[in-house]
Amino acid sequence: MSGGEVAGILVAVFWAILVSFLAVALARLAQTLKATTKLVADVTDQAVPLLAEASTAVRSAQTQIERVDAIASDVQEVTSNASALSTTVASTFGGPLVKVAAFGYGVRRALGGRKDDVPVKASRRTVIVGRAVSRGRGKRD
């Protein structure tokens, strides 16, 4: 055996080892691709029903939002009607009730006379530079 033949055998052995490693790597890559394909198929099978449920939930939420909007507009209308009614009642009954109360108070004062518990007003004095002059001496207001 010559040196060239030995070198050829060594190259053939290394080439066989390299091909074996590449074959193992390709086999593992094929297994990984199969697993990935199965995973993608499973995700697709589960995602389609989930998307359908999400679509149903969004439609239901939209329906509820429309109902709440209708309720809010009704509440706003009721509030404006109550405000208008309050203003009408206040303008219709407020003025006359105040007048009746004032009239009743005046009648009570006129018929009841002055009460003892009501304090008597002090007489007012006018001050002139240098001296004090009382108005209505001897009278009380």
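A. Structural detail: the overall build of the protein. What the protein contains, in helices and strands, is one helix and two strands. By the burial criterion, 0% of the 141 residues in the protein qualify as buried. Summed over all atoms, the accessible surface of the protein reaches about 12,900 Å², with 66% contributed by carbon and sulfur.

B. Just a nonpolar patch on the surface, in detail. Where nonpolar side chains cluster on the molecular surface, the patch consists of Met 1, Val 6, Ile 9, Leu 10, Val 13, Phe 14, Ile 17 and Phe 21 and spans about 840 Å² of accessible area. The topology assignment puts Val 13 in helix H1 (residues 3–112). In this structure Val 13 comes out as partly exposed when scored by relative accessible area, which is 44%.

C. Spotlight on the confidence of the model for the protein. Mean pLDDT over the protein: 84, with 79% of residues reaching 70 or higher. Per-element averaging of pLDDT across the protein places strand E2 (residues 131–134) at the bottom with 58 and H1 at the top with 91.

Analysis parameters
Residues numbered from 1 in each chain as written. Predicted model: local features only at pLDDT ≥ 70, side-chain atom pairs only at ≥ 80, totals over all residues. Heavy atoms only, no water. Helix = DSSP H or I, 4+ residues; strand = E, 2+ residues; numbered from the N terminus. Buried < 20%, exposed > 50% of the residue type's maximum accessible area, 1.4 Å probe, protein only. Areas by Shrake-Rupley, 256 points an atom, 1.4 Å probe, with all protein chains shown as cover. Patch = residues over 30% accessible without salt bridge, like charges linked within 9 Å, V, L, I, M, F, W, Y side chains within 5 Å. Salt bridge = Lys/Arg side-chain N within 4 Å of Asp/Glu carboxyl O. pLDDT = per-residue confidence, 0-100.

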